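Inside the fold
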Amino acid sequence: MNKPPGGMRTFTIIWFGQLISALGSGLSGFALGVWVYERTGSATAFSVIVLAFMVPSVLFSPVAGALVDRWNRRLILIACDAISAASTLTILILLLSNSLEIWHLYILIFVSAIAGSFQWPAMSTATTMLVPQEDLGRAGGMTQIGESISTLLSPALAGYLFLSIGLNGIFVIDLLTFLVAVATLLVVSIPEPERTNVVEEETTPSLWKEIRYGWDYILDRRGLLLLLIYIATINLGFGFTDPLYTPLFLSLGNAQQAGIAFSVLGLGSVVGTILMSVWGGPRKRIYGVLISGFWLGIAYIVFGLRPWLWLVAVAGFVRNLILLIMLGASQALWQAKTAPDVQGRVFSVRRFIAWCTAPISTLIAGPLVDRVLQPGMEAGGSLAASFGAVIGVGPGRGSALVFSLVGVFVSLVTLAFFAVPKLRNVDTDIQNVEIKVRPTRADANL
């Protein structure tokens, strides 16, 4: 059976709701980032925040994926938005009572991230069921535009709103955007995939067997496994930089200037998203991943070369544009090679492996910068005569050094993986899956 008429229209309605929600989350996220930096000035505090977001994605993803394949995707998306809204409401209540502490954020971000570990595979499989295969690259680009527009508009807008309505008002707006996301989900239906005979012979297989199936599915497709190892390897590098963006930007300018710089990064995401939405990515999707990966490393090198906020903003623009092409190509490749009725468990195992390395480097990044690299990159420090001679010394240079070293690592790793034929040929070596929609009762009576 073909996909339902109007499937792309339904996807667009859901996408719009998630876009509005992402804009609200971007407002509150940037405002809270400034709030944390003003109170701590510590890269370690941001490392803990990033870990609170990452760890649930790693720990809960395999279980979440198996359950997503069992449960109704639309109801999962509604529940995830509701949990995130509840976390935002809790922060607002703490703000109104002047009781908010940083450790509250750690807990609430952790809870929201658990919901996110279910939301991501549910949205991915819903997209596969609604969008024709030839449009998956465009749909992937549209999915990313929520984050892109959030990064473009939220920092500058949050700075203005902070002065006019305060942090409390920003969180009220965030709550309202969650309501929009839930409303769009309430007015659409998402078809469930037809069950295949390749999962388990039992009528109700155990949860463990369903999780194990996700592992086996990837292990049996060597090209996808190599792609996953590549992503996990470069994520090890990116984990060092994830908690350092806000400290680096605020070391080079005030909150308003940093907000403008973050908006430039968001503009790169918007351009990348529009490009992927119109273009759909290269026909050989693995080239879109690997070539983007190499230039992504170059952009990270430029991040740390000079203590100039405008240079960091330009490098960030290029970084976000390239990253959107890379993510869109990768997602479209996985969706085309994975049967939709098992995408929940396969994609969640995929996410587990891809992200399992990042928390390690994120945990190290904050203390490494605060205790070793930043003191060493001050005038007269232990690294001033070596790395400092290249990228300069002073505030934020410890974080800048991390960005440049990570860029060298990512580019070299990408060249090494590009040399592996089994990975380069994954588009042709693994056959695309056939998409079938489970018949409804009305269909069965035809």
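These notes cover the structure that comes with them. Here the residue index of a chain counts from 1 through its sequence in written order. Per-residue local features of the predicted model are confined to residues with pLDDT of at least 70, and side-chain atom pairs are confined, for both listing and counting, to 80 or more; whole-chain, interface and lining totals are unaffected and use all residues. Here the side-chain values reflect all heavy atoms present in the structure, with hydrogen atoms and water set aside.

Digging into unusual backbone geometry
Filter applied, for reference: Numbering of helices and strands runs from the N terminus, with a helix taken as a DSSP run of H or I at least four residues long and a strand as a DSSP run of E at least two residues long. Under the scheme applied here, a residue whose accessible area is under 20% of the maximum for its type counts as buried, over 50% as exposed, and between as partly exposed, the area being computed with a 1.4 Å probe on protein chains only.
Here the phi dihedral of Asn98 falls at roughly 55°; this positive angle occurs in a residue that is not glycine. Looking at where Asn98 falls in the secondary structure, it is placed in the loop between helix 3 (73-96) and helix 4 (102-130). Given the relative accessible area of 74%, Asn98 is considered exposed.

Focus on the nonpolar core
Operational definition: In plain words, nonpolar cores are sets of buried Ala, Val, Leu, Ile, Met, Phe, Trp, Tyr and Cys residues tied together by side-chain atoms within 4.5 Å.
Of all hydrophobic cores here, the largest spans 89 residues; its most connected members are Leu227, Tyr230 and Phe249. The element contributing the most residues to this core is helix 12 (residues 309-337), with 10 residues. Residues Val68, Ala122, Ala139 and Leu185 belong to the second largest nonpolar core, which totals 24 residues.

Examining the side chain of Asn320
Counted only if it meets this: Any pair of N or O atoms that falls within 3.5 Å is considered a polar contact. Within protein, one atom must be able to donate a hydrogen and the other to accept it, and sequence-neighbouring residues count only if both atoms are side-chain atoms.
Residue placement: Asn320 occurs in helix 12. Relative accessible area serves as the criterion here: at 4%, Asn320 is assigned to the buried category. A distance of 2.9 Å separates polar atoms of two side chains, one belonging to Asn320 and the other to Ser269.

Some thoughts on the packing of helix 11 (residues 285-303) against helix 12
Where we set the bar: Think of each axis as a best-fit line through the C-alpha atoms, taken over the contacting stretch in the case of a helix, with angles from 0 to 180 degrees between the N-to-C directions. Just so you know how the angles are binned, under 35 degrees is roughly parallel, over 145 roughly antiparallel, 65 to 115 roughly perpendicular, and the rest oblique. For a crossing to be left-handed, the near helix must be turned anticlockwise from the far one by less than a right angle; the clockwise case is right-handed. Under the grouping applied here, Gly and all other residues not named as nonpolar or charged are polar, the nonpolar ones being Ala, Val, Leu, Ile, Met, Phe, Trp, Tyr, Cys and Pro and the charged ones Asp, Glu, Lys and Arg.
Where helix 11 meets helix 12, the axes come as close as 8 Å, and the angle between the chain directions of the two elements is 160°. In terms of orientation, helix 11 and helix 12 fall into the roughly antiparallel class. The handedness of the crossing between helix 11 and helix 12 comes out as left-handed. Taken together, the residues of the contact of helix 11 with helix 12 break down into 20 nonpolar, 5 polar and 2 charged.

Brief notes about the packing of aromatic side chains
Aromatic rings considered in pairs are described by the distance between their centres and by the relative angle of their planes. Put simply, the rule is: Only the six-membered ring of Trp is used, alongside the rings of Phe and Tyr, when aromatic pairs are assigned; centres must lie within 6.5 Å, and planes under 30 degrees apart are stacked while those over 60 apart are edge-to-face, with the rest tilted. Charge over a ring is defined by NZ of Lys or CZ of Arg lying within 6 Å of the ring centre and within 35 degrees of the ring normal.
Per the stated rule, a full pass over the model turns up 13 aromatic pairs. Between Phe238 and Tyr300, the aromatic rings sit 5.1 Å apart at their centres with planes inclined by 25°, giving stacked as the arrangement. Of this pair, Phe238 sits in helix 8 (residues 222-241) while Tyr300 is found in helix 11, placing the two residues 62 residues apart along the sequence. According to the relative accessible area criterion, Phe238 is buried, its value standing at 9%. Classification of Tyr300 by relative accessible area gives buried; the value is 1%. Each ring, one from Tyr300 and one from Phe303, has its centre 5.7 Å from the other, and the planes form 35°; the classification is tilted. Placement of the pair is Tyr300 and Phe303 together in helix 11, with a separation of 3 residues, close to one helical turn. Considered together, Tyr300 and Phe303 belong to a single accessibility category, that of buried residues. Three or more aromatic residues joined by ring pairs make a cluster, and in this case those are Phe238, Tyr245, Tyr300, Phe303 and Phe403. Arg221 extends its terminal NZ or CZ atom over the ring of Tyr217, reaching a point 3.5 Å from the ring centre.

A few points about the environment of Ile76
For the record, the criterion: Two residues qualify as a contact provided that any one of their heavy atoms is within 4.5 Å of a heavy atom in the partner residue.
Note on placement: Ile76 falls in helix 3. According to the relative accessible area criterion, Ile76 is buried, its value standing at 6%. Taking C-alpha positions, Ile76 is 9.0 Å from Ala115, a pair spaced 39 residues apart along the chain. Ignoring anything within four residues of it in the chain, the contact list for Ile76 reads Val68, Trp71, Phe118 and Ala122.

Observations concerning the side chain of Ser87
Here Ser87 shows up in helix 3. According to the relative accessible area criterion, Ser87 is buried, its value standing at 6%. Excluding its chain neighbours within four sequence positions, the residues that come into contact with Ser87 are Leu108, Val111 and Ser112.

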